[in-house]
Amino acid sequence: MPLDTPTRGQGDAVLALIGNTPMVEATRLDTGPCRLFFKLENQNPGGSIKDRIGLAMIEQAERDGSLQPGGTIVEATAGNTGLGLALVAARKGYKLVLVIPDKMSREKVFHLRAMGAEVVMTRSDVVKGHPDYYQDLAQKIANESGGFYVNQFGNPANPRAHEETTGPEIWEQMGRDVDALVCGVGSAGTITGLTRFFRKASPKTAMVLADPAGSILVDYVKTGKLGDAGSWLVEGIGEDFIPSIADLSGVSEAYSITDAESFAAARELLAKEGIFGGSSTGTLLAAALKYCRSRKKPERVVSLVPDSGNKYLSKMYNDYWLTDQGFIERAKHGDLRDYIGRPMEERATVSVAPDDTLLTAYGRFKLNDVSQLPVLEGERIVGLIDEFDVLRAVANGTSHFRDVVRKHMTARLQTVAPRGSLDDVLAILDRDQVAIVADRDRFYGLITRIDVLNSLRRKQQ
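Just so it is clear, the structure is predicted and the values come from calculations on it, not from any experiment. (Residues numbered from 1 in each chain as written. Predicted model: local features only at pLDDT ≥ 70, side-chain atom pairs only at ≥ 80, totals over all residues. Heavy atoms only, no water.)

**So, the overall build of the chain**
Here comes step 1: Within the chain one finds 14 helices and 15 strands.
Here comes step 2: Summarising its shape, the C-alpha atoms of the chain cover approximately 75 × 55 × 40 Å along the three principal directions.
Here comes step 3: With 461 residues in all, the chain has 53% of them scored as buried.
Here comes step 4: Partitioning the intrachain contacts of the chain with sequence separation of at least 6 by distance along the chain shows that 67% fall at a separation of at least 24.
Here comes step 5: A total of about 20800 Å² of accessible surface is found on the chain, and carbon and sulfur atoms cover 49% of it.
Here comes step 6: A gap of 2 Å separates the mean positions of the 56 positive and 60 negative side-chain charges of the chain. (Helix = DSSP H or I, 4+ residues; strand = E, 2+ residues; numbered from the N terminus. Buried < 20%, exposed > 50% of the residue type's maximum accessible area, 1.4 Å probe, protein only. Contact = heavy atoms within 4.5 Å. Areas by Shrake-Rupley, 256 points an atom, 1.4 Å probe, with all protein chains shown as cover. Lys, Arg positive; Asp, Glu negative; His and termini not counted. Charge placed at Lys NZ, Arg CZ, Asp CG, Glu CD.)

So, in structure tokens, the structure goes:
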């Protein structure tokens, strides 16, 4: 049964907002001889293009009887399909269980739980066929609970939603003149649906595949063979298998995009165009720019902004995370300062002053997800206070959160000079202490176990 587009979400003002998203043209990016347009799917009420298929797949299940009133929906998702399903499930009164790989951003997880979904986290380092693989685990949960397993990777309502809504919208917004469309592949619904629509409406329109480096799809398109998948940090697109609903026959160009290229492109899009896209947006943009700059004559190219960057604030829009992952290079000193995760010279150190209160220290522990803070007077370290110092101070009732840090900090500090060795640091860490890098007049920063691990990982990449 075809989707009845005019009545999708009928009777619900929020669900009626899904689709009909804006189209804007890039004006400050180097697009070569081409004009590049962005379909702003981040403007859907749930924040992503997956709102479209969340509504379509649930309404199709309602029509064919797979989902009964008050029933349970189960799905495997990288986050955005889950958010689309959560939006619709909440409006329609269904229970929702989502299985999510553990590499996904915490903003997505918090958002899903706030929407009322039950979130089951599973491993992201296993492949299809392993019991902890997110799709296999979701299928098992659905079987055991009697819930409706959505299976976006094999659900025909997924590509049909794009064939009957996304495609026609792009066609009309572009004045019925589109030379190329840039898509990624997660569940493959978008590229399949758009391929079907434009094959009929505009056979000249080229489908351009943007794929994270490590995914198997570019090699499959170019050789017809399934290779071994690697790993990537971009969320929502890239696969280690070919979804059963996938139609890649229309792909004329395919680009493999590294994580570094994706993150840089997304940040450039925000800085230059004011468009706040997620990590997959960066992958699509990087591929779109490569395509546009390779053209010999002008073309009208459309790329998608599949979701919003607000789901990635702790990751690709976080300079510290990018540095820890090796995507931002710091100045090298050739000594222990290179191991400091939050250097004082970059004003990145989270600290307190001796006359700050314990409540201030407690707040900074929580806000910055740290367990100890240097106590600073100017550029000198005069103490260290950790969570247990505060706990010990207030637990017996003799002290209060209004006490000053000076009263409860540790002032007997063991420091290591910048010219010290890594063995010196490891010896301190082995005693369950934090390494304080300082000399007589200046504090440089703390070195924790994770700082050392991050540094060693970057060196071995």
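Structure's up, so let's keep going.
**So, the nonpolar core**
Here comes step 1: Leu-36, Phe-38, Ile-170 and Ile-191 are the most contacted members of the largest nonpolar core, which has 62 residues in total.
Here comes step 2: Non-local contacts of Phe-38, meaning those with residues more than four positions away in its chain, are made with Pro-22, Met-23, Val-24, Ala-26, Leu-29, Leu-269, Ile-275, Leu-285, Ser-303 and Val-305.
Here comes step 3: In terms of nonpolar packing, the next biggest core, distinct from the first, is built from 30 residues, Ile-18, Ala-78, Val-88 and Ala-161 among them. (Core = buried A, V, L, I, M, F, W, Y, C linked by side-chain atoms within 4.5 Å.)

**Points about helix 6 (residues 189–201)**
Here comes step 1: With 13 residues, helix 6 should cover 18 Å at 1.5 Å per step; its first-to-last C-alpha distance of 18 Å lies within 8% of that length.
Here comes step 2: Regarding helix 6, the residues found buried are Gly-189, Thr-190, Ile-191, Thr-192, Gly-193, Leu-194, Thr-195, Phe-197 and Phe-198.
Here comes step 3: The secondary structure elements touched by the buried residues of helix 6 are helix 5 (157–173), strand 7 (180–183), strand 8 (206–212), strand 9 (251–257) and strand 10 (300–304). (Expected span 1.5 Å × (residues − 1).)

**Concerning the pairing of strand 11 (residues 372–377)**
Here comes step 1: Among the 6 residues that make up strand 11, 5 are buried, leaving the element largely enclosed by the rest of the structure.
Here comes step 2: Between strand 11 and strand 12 (residues 380–386), which follow one another and run antiparallel, lie 2 residues, and Gly-378 among them has a positive phi close to 65 degrees. (Pairing = 2+ DSSP bridges.)

**Some words on the sheet that holds strand 5 (residues 118–122)**
Here comes step 1: A sheet is described by the order of its strands in space; here 4 strands give the open sequence 5-4-3-6, paired in parallel fashion. Of all strands in the sheet, those with a lone pairing partner are strand 5 and strand 6 (148–149), marking the two edges.
Here comes step 2: The pairing of strand 3 (residues 72–76) with strand 6 spans 2 bridges and is parallel. For Val-74, the partnering residue across the bridge sits in strand 6 and is Tyr-149.
Here comes step 3: Along the sheet, helix 2 (residues 80–92) makes contact with strand 3 and strand 4 (95–101), crossing strand 4 at roughly 170 degrees.
Here comes step 4: Against the sheet, helix 3 (residues 106–114) touches strand 4 and strand 5, its axis set at about 150 degrees to strand 5. (Axes fitted to C-alpha atoms, helices over the stretch in contact; angles between N-to-C directions.)

**Comments concerning the pattern of salt bridges**
Here comes step 1: Taken as a whole, this structure holds 33 salt bridges when the rule is applied.
Here comes step 2: The salt bridge involving Lys-290 is made with Glu-261; its shortest N-O contact spans 3.0 Å. Of the two residues, Lys-290 sits in helix 9 (residues 279–294) while Glu-261 sits in helix 8 (residues 259–273), which places them 29 residues apart along the sequence.
Here comes step 3: Judged by its relative accessible area of 29%, Glu-261 is partly exposed.
Here comes step 4: Residue Arg-337 pairs with Asp-335 through a salt bridge whose shortest N-O separation is 2.8 Å.
Here comes step 5: Overlapping salt bridges bring together Lys-39, Glu-41, Arg-52 and Glu-169 as one network. (Salt bridge = Lys/Arg side-chain N within 4 Å of Asp/Glu carboxyl O.)

**Here's the deal with the side chain of Ser-187**
Here comes step 1: Relative to the helices and strands, Ser-187 resides in the loop between strand 7 and helix 6.
Here comes step 2: Looking at Ser-187, its side chain comes within polar contact range of the side chain of Lys-50, at 3.5 Å.
Here comes step 3: Within polar-contact distance, the side chain of Ser-187 engages the side chain of Asn-158 at 2.8 Å.
Here comes step 4: Excluding residues that lie within four positions of it along the chain, Ser-187 makes contacts with Lys-50, Gln-152, Phe-153, Asn-158, Glu-239, Pro-243 and Ile-245. (Polar contact = N/O pair within 3.5 Å; in protein donor to acceptor, adjacent residues only side chain to side chain.)

**Topic: the packing of aromatic side chains**
Here comes step 1: If you walk through the whole model with that rule in mind, you get 10 aromatic pairs.
Here comes step 2: Judged by centre distance (5.2 Å) and plane angle (80 degrees), the rings of Tyr-133 and Tyr-134 are edge-to-face. Note on accessibility: Tyr-133 and Tyr-134 belong to one class, buried.
Here comes step 3: Judged by centre distance (5.7 Å) and plane angle (70 degrees), the ring pair of Phe-263 and Trp-321 falls under edge-to-face. One end of the pair, Phe-263, is in helix 8; the other, Trp-321, is in helix 10 (residues 319–324), and 58 residues separate them in sequence.
Here comes step 4: The exposure class assigned to Phe-263 is buried, which follows from its relative accessible area of 3%.
Here comes step 5: The exposure class of Trp-321 is buried, given its relative accessible area of 15%.
Here comes step 6: One residue, Lys-128, lies across the ring of Phe-241, its end atom 5.1 Å from the ring centre. (Phe/Tyr/Trp six-rings, centres within 6.5 Å; stacked < 30°, edge-to-face > 60°. Lys NZ or Arg CZ within 6 Å of the ring centre and 35° of its normal.)

**Some remarks on the packing of helix 1 (residues 50–64) against helix 2**
Here comes step 1: As a packed pair, helix 1 and helix 2 sit with axes 7 Å apart at the nearest point and diverge in direction by 50 degrees. In terms of axis orientation, helix 1 runs oblique to helix 2. Along this stretch, helix 1 crosses helix 2, giving a crossing that reads as right-handed. Mapping the contact onto sequence places Lys-50, Asp-51, Ile-53, Gly-54, Leu-55, Met-57, Ile-58, Glu-59 and Glu-62 in helix 1 and Asn-80, Thr-81, Gly-84, Leu-85, Leu-87, Val-88, Ala-89 and Lys-92 in helix 2.
Here comes step 2: Its residues assigned to classes, the contact of helix 1 with helix 2 comprises 8 nonpolar, 4 polar and 5 charged. (Parallel < 35°, antiparallel > 145°, perpendicular 65-115°, else oblique. Left-handed = near helix turned anticlockwise from the far one by under 90°. Nonpolar A, V, L, I, M, F, W, Y, C, P; charged D, E, K, R; others polar.)

**Looking at unusual backbone geometry**
Here comes step 1: Here the phi dihedral of Arg-176 falls at roughly 60 degrees; this positive angle occurs in a residue that is not glycine.
Here comes step 2: As for its placement among the helices and strands, Arg-176 is situated in the loop between helix 5 and strand 7.
Here comes step 3: Assessed through its relative accessible area of 54%, Arg-176 is described here as exposed.

**So, helix 14 (residues 449–460)**
Here comes step 1: Taking 1.5 Å of rise per residue, the 12 residues of helix 14 would be expected to cover 16 Å, and the 17 Å separating its terminal C-alpha atoms lies within 8% of that figure.
Here comes step 2: Those residues of helix 14 that sit buried are Asp-451, Val-452, Asn-454 and Ser-455. Buried positions in helix 14, seen along its axis, are confined to an arc of 160 degrees and lie on one side of it. Counted as exposed and oriented over 90 degrees from the buried face of helix 14: Ile-450, Leu-453 and Gln-460.
Here comes step 3: Buried residues along helix 14 sit in contact with helix 10, helix 13 (422–430) and strand 15 (443–447). (Arc of directions from axis to C-beta.)

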